[in-house]
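Here is how the chains run, residue by residue.
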There are 2 protein chains.
Amino acid sequence: MTERPSPTALVRSLPATVPFVGPETQERERGRPFRARLGANENGFGPAPSVARAMAGAAPQMWKYGDAQNHDLRNALARHLGVGAENIVIGEGIDGLLGLVVRQYVEQGAPVVTSLGAYPTFNYHVAGFGGRLVTVPYRDDREDLDGLLNAVKLQNAPLVYLSNPDNPMGTWWEADAVEDFVEALPPTTMFVLDEAYGETAPPGALPALDVSRPNVLRMRTFSKVYGLAGLRCGYAVGEAETIRNFEKVRNHFGMTRMAQEAALSALEDQAHLQWVCGEVEACRQRLYRIARKNGLTPLLSATNFVTMDCGGDGQHAMKVLQELGKRDVFVRKPMAPGLDRCIRVSVGPAEEIDVFEAELPEALKAAR
Amino acid sequence: MTERPSPTALVRSLPATVPFVGPETQERERGRPFRARLGANENGFGPAPSVARAMAGAAPQMWKYGDAQNHDLRNALARHLGVGAENIVIGEGIDGLLGLVVRQYVEQGAPVVTSLGAYPTFNYHVAGFGGRLVTVPYRDDREDLDGLLNAVKLQNAPLVYLSNPDNPMGTWWEADAVEDFVEALPPTTMFVLDEAYGETAPPGALPALDVSRPNVLRMRTFSKVYGLAGLRCGYAVGEAETIRNFEKVRNHFGMTRMAQEAALSALEDQAHLQWVCGEVEACRQRLYRIARKNGLTPLLSATNFVTMDCGGDGQHAMKVLQELGKRDVFVRKPMAPGLDRCIRVSVGPAEEIDVFEAELPEALKAAR
């Protein structure tokens, strides 16, 4: 064996697994493209035309590094949200920010609490920085707030993760339940509240922003309703010192200038956002109908996807997913026990939903 | 004092310093824009028009996450460089990749060797992951290969960094010197060879690519001659298993789709690259003349900047930099003892160099 540099003990212990296999990878493996890209919770309604124009206009300026302080975008978000610019940190998507949070608060071997079957990329970061995952099963298809709280206390965990609305189930808690959870948390436990799907939630699901608590980070993104997943732009809102601590670990010039420009422009086009939210709601309703028509049970969704109970076990739902794949329809499914009876279908333009609607009956027949 | 989550011991130990204060930050502090942006080693000649068009064309597609495997770009680079796609990892600029390398190979407290006054962002990552920097002074304004090698051996260092051509001095080593260095390195020491400025180096400065050694990572970027600093796209070339290890720690969906599209398009427009390289050379010649005309001694440069010896000490050069700033000219300067007698001026379009040329005599007079 060739002598070679040795990775750290931690890195040696990590598997080379990937949180998600992306649709392009699947297309290359299949040897042909999907006709319906409904698996990644993207926003097929697209970014606003005004934002696409802003990107085109900014393109010749891409020789400049982005502003390391993300000043204009932070300030625009601060105005939009009614908090201070010092309460916001911008990052390379929520994915990037989650990595920075884990890195900041998790010593090797420390327990980190999340739900069994919740966001795999968070788990990837916890493993990557040597944390020990403590998982709490969902309860009635929702993340179990009491269970999470108990686990935090039992383990004296420095970090807990919750997505509200939830991915992969699309369910949600009302604001008061989340606020009770925050109130009951030890003040020394950092709480990451992932609100990637916040804009499509019913009124009343998002607690008011409160930047007085040092142990709460609210994470949001331009990847979903704003239609800019391909530009990697997320942000965290929190107490000023908590936010300032990111300066110690973030990649200061890591944000693309393009993302900053596009996000700024997207924020200004709230009319497009409203239109997208309308389309999302209409598409959810259509997906509910399609599910029911085919004997599946849709879960009421606060997100840009609809999770459908296939009425069998995990193996059956996996077959449905595979049969849809054979018919060029890309969807995903939850994998955790209890949730794995479902498939998860993102909203999208009518033509793609048409494909899903046309192929679902055959896929279900083949899966039986 | 409010009870709050405690960052890890390592993070608590980190200062909140920033490797660089960007030009936009400086402009906000000054209250007015620079007339000449010649401090960040950007490429003011810009990306190719073909690339700007590709970005504009791709803009409406930004609702899709980027391909997590960076498949097309890796394969295009592989063809371009004559290596395998398995020998390339794409990252969010060399900055991002440097962080991943440090994270992979540096246990807390481990020694990491670099030159005193070399790339601050590398040092930032070393500190950020708890490494112990061991610095070797420059020798005759070049990084001291023998000194670096001795330090590696003395410290049994797992990681050593060299930029060739060098930043901030613009000097370089010929390929055979670098190859001798590689040959003499312990095979258990990872060698990061930062070739961000490789395309503007004289023929003969870059060793042939050899992907057989597990302990060499060659880093390159689309930020310099390709004019895409604002899109954050760099790559590392190395032995397949070394490259594969990045999968354990990288943010798989972290690359923007825009960067992938733009870099692919930039790679195809080699005519533009050649034109830029010609402009860079012409501008270096002009900067040499301007320096000499003003009694400064330019260092022969293999990069897209010219470092100029101001003929005094560090304080004098700092005054020159400040006086240029007052005159709306943004340049930088090396800070390490021995190098700090210099200012560093990036190449740029004629109009900006005109401003520098016009303001330099007054700035020098004021600095005396």
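Conventions and cut-offs
- Residues numbered from 1 in each chain as written.
- Chains lettered and ligands numbered in written order.
- Predicted model: local features only at pLDDT ≥ 70, side-chain atom pairs only at ≥ 80, totals over all residues.
- Heavy atoms only, no water.
- UniProt positions renumbered as here; feature names shortened; annotations may be inferred.
- Helix = DSSP H or I, 4+ residues; strand = E, 2+ residues; numbered from the N terminus.
- Domains from an automatic or database assignment.
- Buried area = accessible area lost by both parts, 1.4 Å probe.
- Salt bridge = Lys/Arg side-chain N within 4 Å of Asp/Glu carboxyl O.
- Polar contact = N/O pair within 3.5 Å; in protein donor to acceptor, adjacent residues only side chain to side chain.
- Nonpolar A, V, L, I, M, F, W, Y, C, P; charged D, E, K, R; others polar.
- Pairing = 2+ DSSP bridges.
- Axes fitted to C-alpha atoms, helices over the stretch in contact; angles between N-to-C directions.
- Contact = heavy atoms within 4.5 Å.
- Least-squares fit on C-alpha atoms with pLDDT ≥ 70 in both.
- Phe/Tyr/Trp six-rings, centres within 6.5 Å; stacked < 30°, edge-to-face > 60°.
- Buried < 20%, exposed > 50% of the residue type's maximum accessible area, 1.4 Å probe, protein only.
- Lys NZ or Arg CZ within 6 Å of the ring centre and 35° of its normal.
- Disulfide = S-S within 2.5 Å.
- Parallel < 35°, antiparallel > 145°, perpendicular 65-115°, else oblique.
- Left-handed = near helix turned anticlockwise from the far one by under 90°.
- Right-handed = clockwise from strand over helix to strand, strands pointing away.
- Core = buried A, V, L, I, M, F, W, Y, C linked by side-chain atoms within 4.5 Å.

Break down the UniProt feature "domain: Aminotransferase class I/classII large" (unreviewed entry) in chain A for me, citing the residues and quoting the values.
Look at the UniProt record and you will see "domain: Aminotransferase class I/classII large" (unreviewed entry) annotated at residues 38–355 of chain A. Segment residues 38–355 of chain A splits into 39% helix and 15% strand. End C-alpha atoms: 10 Å apart.

Which residues make up the domain arrangement of chain A, and what values go with them?
Residues and elements named next belong to chain A. We note that the domain assignment places domain 1 (21–46 + 271–367) and domain 2 (49–268) within chain A. A buried area of about 1800 Å², summed over both sides, lies between domain 1 and domain 2, and 65% of it is on carbon and sulfur atoms. Looking only at domain 1, the three residues that lose the most surface to domain 2 are L273, A302 and L339, adding up to 28% of its buried area. In this structure, the salt-bridge partner of R341 is D141, at a minimum N-O distance of 2.7 Å. Remark: the boundary between domain 1 and domain 2 carries 12 residue pairs in polar contact (both at pLDDT 80 or more). Among the secondary structure elements, those contributing two or more residues to the side of domain 1 that touches domain 2 are α11 (270–293), β10 (305–309) and β12 (342–346). At six residues, the largest contribution of residues to the side of domain 1 that touches domain 2 is made by α11. The class makeup of the residues in the side of domain 1 that touches domain 2 is 14 nonpolar, nine polar and three charged.

With reference to specific residues and values, describe the sheet that holds strand β7 (residues 216–221) of chain A.
Residues and elements named next belong to chain A. Reading across from one edge, β2-β8-β7-β6-β5-β3-β4 is the order of the seven strands in this open sheet, with mixed pairing throughout. Each having just a single partner strand, β2 (88–91) and β4 (132–136) make up the two edges of the open sheet. Adjacent strand axes in the sheet meet at a mean angle of 20 degrees, parallel and antiparallel pairs treated alike. In this sheet, strand β5 (residues 159–163) lies alongside strand β3 (residues 111–115) in parallel orientation, the contact comprising two bridges. Paired with V112 across the bridge in β5 is L159. Along the sheet, helix α4 (residues 71–81) contacts β2, β7 and β8 (234–237); its crossing angle with β2, the most-contacted strand, is approximately 130 degrees.

Can you tell me about the pattern of salt bridges, naming the residues and giving the values?
Residues and elements named next belong to chain A. In total, this model carries 54 salt bridges over all chains according to the counting rule given. Residues R327 and E323 are paired through a salt bridge, measuring 2.8 Å at the closest nitrogen-oxygen approach. Through salt bridges with shared partners, a single network forms among R30, R32, R35, E323, K326, R327, D328 and E359.

Break down the relation of the copies chain A and chain B for me, with residues and values.
You can overlay chain A on chain B at an RMSD of 0.0 Å; the transform is a turn of 180 degrees with a shift of 0.0 Å along its axis. The symmetry that links the two subunits is that of a two-fold axis. In terms of C-alpha distance to the rotation axis, chain A has A56 of chain A as its closest residue, with the C-alpha 2.1 Å off the axis. The overlap is high: 100% of the interface residues of chain A also sit at the interface in chain B, so the same surface is used on both sides.

I'd like a rundown of the interface of chain A and chain B, residues and numbers included.
Interface size is commonly expressed as the accessible surface area that is lost when the partners come together. Contacts between the two partners involve 82 residues from chain A and, on the opposite side, 82 residues from chain B. Both sides together, the interface formed by chain A and chain B hides about 7000 Å², and carbon and sulfur atoms give 59% of it. At the boundary of chain A and chain B, one finds 50 residue pairs in polar contact (both at pLDDT 80 or more). Counting only elements with at least two residues in the side of chain A that touches chain B, the list comes to α1 (9–13), α2 (23–30), α3 (49–58), α5 (93–105), α6 (120–128), α9 (240–244) and α10 (257–268) of chain A. With five residues, α5 of chain A is the single largest residue contributor to the side of chain A that touches chain B.

Give a detailed account of the packing of aromatic side chains, specifying residues and quantitative values.
Across all of its chains, the model carries 20 aromatic pairs over all chains by this definition. Ring centres of F34 of chain A and F330 of chain A lie 5.2 Å apart, and the angle between their planes is 25 degrees; this geometry places the pair in the stacked category. In this pair, F34 of chain A sits in the loop between α2 and β1 (36–37) while F330 of chain A sits in strand β11 (residues 329–330), placing the two residues 296 residues apart along the sequence. Of the two residues, F34 of chain A and F330 of chain A, both sit in the buried class. Taking the centre distance of 5.4 Å and the plane angle of 85 degrees together, the rings of Y197 of chain B and F305 of chain B count as edge-to-face. Highlighted residues: Y197 of chain B in the loop between β6 (190–194) and β7 (216–221) and F305 of chain B in strand β10 (residues 305–309), separated in sequence by 108 residues. With a relative accessible area of 0%, F305 of chain B lands in the buried category. By the ring-pair criterion, three or more aromatic residues cluster together here, those being F20 and Y119 of chain A together with Y65 and F253 of chain B. Just above the ring of W173 of chain B sits the side chain of R142 of chain B; from NZ or CZ to the centre is 3.6 Å.

Explain the sheet that holds β10 of chain A residue by residue, including any values.
Residues and elements named next belong to chain A. A sheet is described by the order of its strands in space; here three strands give the open sequence β9-β10-β12, paired in antiparallel fashion. Taken across any chain shown, the strands that pair with only one partner, and hence form the sheet edges, are β9 (297–298) and β12. Of the pairings in the sheet, the one linking β10 to β12 comprises five bridges and is antiparallel in character. Its bridge partner being in β12, F305 is matched across the sheet by S346.

Could you give an account of the state of the cysteines, with specific residues and numbers?
Enumeration according to the criterion identifies zero disulfides over all chains in this entry. This cysteine, C310 of chain A, is not joined by any disulfide, and C342 of chain A carries the nearest cysteine sulfur, 6.8 Å off. On the accessibility criterion, C310 of chain A (8% relative accessible area) is buried. Here C277 of chain B is not cross-linked by a disulfide; its sulfur's nearest cysteine counterpart is in C283 of chain B, at 13 Å.

Tell me about the packing of helix α3 (residues 49–58) of chain B against helix α10 (residues 257–268) of chain B, residues and numbers included.
All names here are of chain B. Contact pair α3 / α10: the axes reach a minimum separation of 9 Å and the direction vectors enclose 150 degrees. The pairing of α3 with α10 is recorded here as roughly antiparallel in orientation. The hand of the α3/α10 crossing is right-handed. For the pair α3 and α10, the contacting residues are S50, V51, A54, M55 and A58 in the first and M258, E261, A262, S265 and A266 in the second. Class assignment of the residues belonging to the contact of α3 with α10 gives a composition of seven nonpolar, two polar and one charged.

Please give an account of the pairing of β4 of chain A that cites residues and values.
Looking along a regular strand, one sees the side chains alternate between the two faces of the sheet. All names here are of chain A. Taken together, the five bridges between β3 and β4 define a ladder with parallel strand orientation. If you follow V112 over to β4, its bridge partner there is L133. Remark: the β3/α6/β4 crossover connection has right-handed handedness.

Account for the nonpolar core, with residues named and values stated.
Counting 127 residues, the largest nonpolar core has F222 of chain A together with F222 of chain B as its most contacted members. Apart from residues no more than four positions distant in its own chain, F222 of chain B is found in contact with L73, L77, G227, L228, A229, C233, Y235, A263, A266 and L267 of chain B. Y138 and Y161 of chain A together with V102 and Y105 of chain B belong to the second-largest nonpolar core, a separate cluster that totals 92 residues.

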